[in-house]
Amino acid sequence: MIIPSFKSGDEVFCDGLAWGCGIVVEVTGPSTMRVNFGRAGIRPITVSSYWRLATLEDKKRSLSPEPKPEPICEPEQATLENIESVALNWEYAVDAIEADSDCSEEYTHYLIERWRLHGVLNGFAFHDLEVPDSIKYRVEVADRRFVELTFEIEHHVWGTPDIYDQNAFWYYYRWPVKWLANTEGQSDYYALGQ
C-alpha cells in the first residue's frame, strides 16, 4: 500500500470522509497533516492510501448541503406517554454524561436523546398540544445540567459537512468540560479540530 504525500496548499479529498475537499494547511509528519475543511474547521489528519488530490468531481460533491430541518415526531408520537419517555431518556443521558462518558461516540449517542426530545416537543407544538408543566420543568433542569457539564464549541460534534442551525440544535454545539482535564478527552476534542 502506497501512502501519498502532500504539501501545504494542496487540495485533498478522501472518499470515506464526510467533510469533503480541504486545503492542506500544514504537513506535520511523514503521514500526518492539518487540513482546512472550511465550515468543518481545521482538522488533524493521518494520511492513508484513501487520500488523493481533489478532482473537479470531488469538488462538485463537496458543495454545501441544505441545512438540516428541525426534527418533528410523527402525529401518533405526540402523546403524553411518549413525551414522558423521551424526557426521562434525556435525563438519563445527562446523568451518563456526568458519570462516565469518556468516549466521543458515547457522548454523541447521548445527544441523540436530546434530538428525540426536540422532535417530540416540536410535534406537540405543531399539533397545538400543551406540554405539561412538570415535563417542561424536568426538561429545563436537564438542559441546565447539560449546559453546566459542557462548553460551547464552534463546529457541531458530528464532524460532517451537514449544516445544523446553531440556535435550534444548540446541544450539538457543546462538548464535555471534564474532557479538558484529561488526556484522552483532549485527544477526542482536538480530533474534532477545535
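Scroll up to find the structure.
The following refers to the structure shown. The structure presented is a predicted model; accordingly, all values stated were derived computationally and were not measured. (Residues numbered from 1 in each chain as written. Predicted model: local features only at pLDDT ≥ 70, side-chain atom pairs only at ≥ 80, totals over all residues. Heavy atoms only, no water.)

## Notes on the pattern of salt bridges
(1) Moving on: Taken as a whole and judged by the stated rule, the model has 12 salt bridges.
(2) Moving on: The shortest N-O distance in the salt bridge between Glu-26 and Arg-34 comes to 3.1 Å.
(3) Moving on: For Glu-26, a relative accessible area of 33% puts it in the partly exposed group.
(4) Moving on: By relative accessible area, which is 32% here, Arg-34 ends up partly exposed.
(5) Moving on: In this structure, the salt-bridge partner of Asp-58 is Arg-52, at a minimum N-O distance of 2.6 Å.
(6) Moving on: Take Arg-52: its relative accessible area is 28%, and that puts it in the partly exposed class.
(7) Moving on: Shared partners join several salt bridges into a network, and the residues in it are Glu-84, Glu-91 and Arg-138. (Salt bridge = Lys/Arg side-chain N within 4 Å of Asp/Glu carboxyl O. Buried < 20%, exposed > 50% of the residue type's maximum accessible area, 1.4 Å probe, protein only.)

## Let's talk about the sheet that holds strand 4 (residues 42–46)
(1) Moving on: Taken together, five strands build an open sheet; the order of strands is 4-3-2-1-5 and the sheet is antiparallel. Every interior strand has two partners, whereas the edge strands, strand 4 and strand 5 (51–53), have only one. Averaged over all adjacent pairs, the angle separating strand axes in this sheet is 45 degrees, with direction ignored.
(2) Moving on: Two strands pair when backbone bridges link them, and strand 2 (residues 22–29) and strand 3 (residues 32–36) are joined in this way by five bridges, in the antiparallel orientation. If you follow Gly-29 over to strand 3, its bridge partner there is Thr-32. (Pairing = 2+ DSSP bridges. Helix = DSSP H or I, 4+ residues; strand = E, 2+ residues; numbered from the N terminus. Axes fitted to C-alpha atoms, helices over the stretch in contact; angles between N-to-C directions.)

## Details of the environment of Ile-23
(1) Moving on: Here Ile-23 is to be found in strand 2.
(2) Moving on: Sequence separation between Ile-23 and Val-12 is 11 residues; the distance between their C-alpha atoms is 6.2 Å.
(3) Moving on: Apart from the residues lying within four places of it in its own chain, the contact partners of Ile-23 are Gly-9, Asp-10, Glu-11, Arg-34, Val-35 and Asn-36. (Contact = heavy atoms within 4.5 Å.)

## What about the pairing of strand 1 (residues 11–14)?
(1) Moving on: Across two bridges, the pairing between strand 1 and strand 2 is antiparallel. Within strand 2, the position partnered with Val-12 by the bridge is Gly-22.
(2) Moving on: Sheet topology places strand 1 next to strand 5; three bridges connect them, and they run antiparallel. The residue bridging Val-12 from the neighbouring strand is Leu-53, located in strand 5.

## Some thoughts on the packing of aromatic side chains
(1) Moving on: In the structure shown here, the tally under the stated rule is 11 aromatic pairs.
(2) Moving on: Ring geometry for Tyr-164 versus Phe-169: centroids 5.1 Å apart, planes at 70 degrees, classification edge-to-face. Judged on exposure class, the residue Tyr-164 and its partner Phe-169 are both buried.
(3) Moving on: Ring-pair connections join several aromatic residues into one group, and the members of that group are Trp-90, Phe-146, Trp-158, Tyr-164, Phe-169, Trp-170, Tyr-171 and Tyr-172. (Phe/Tyr/Trp six-rings, centres within 6.5 Å; stacked < 30°, edge-to-face > 60°.)

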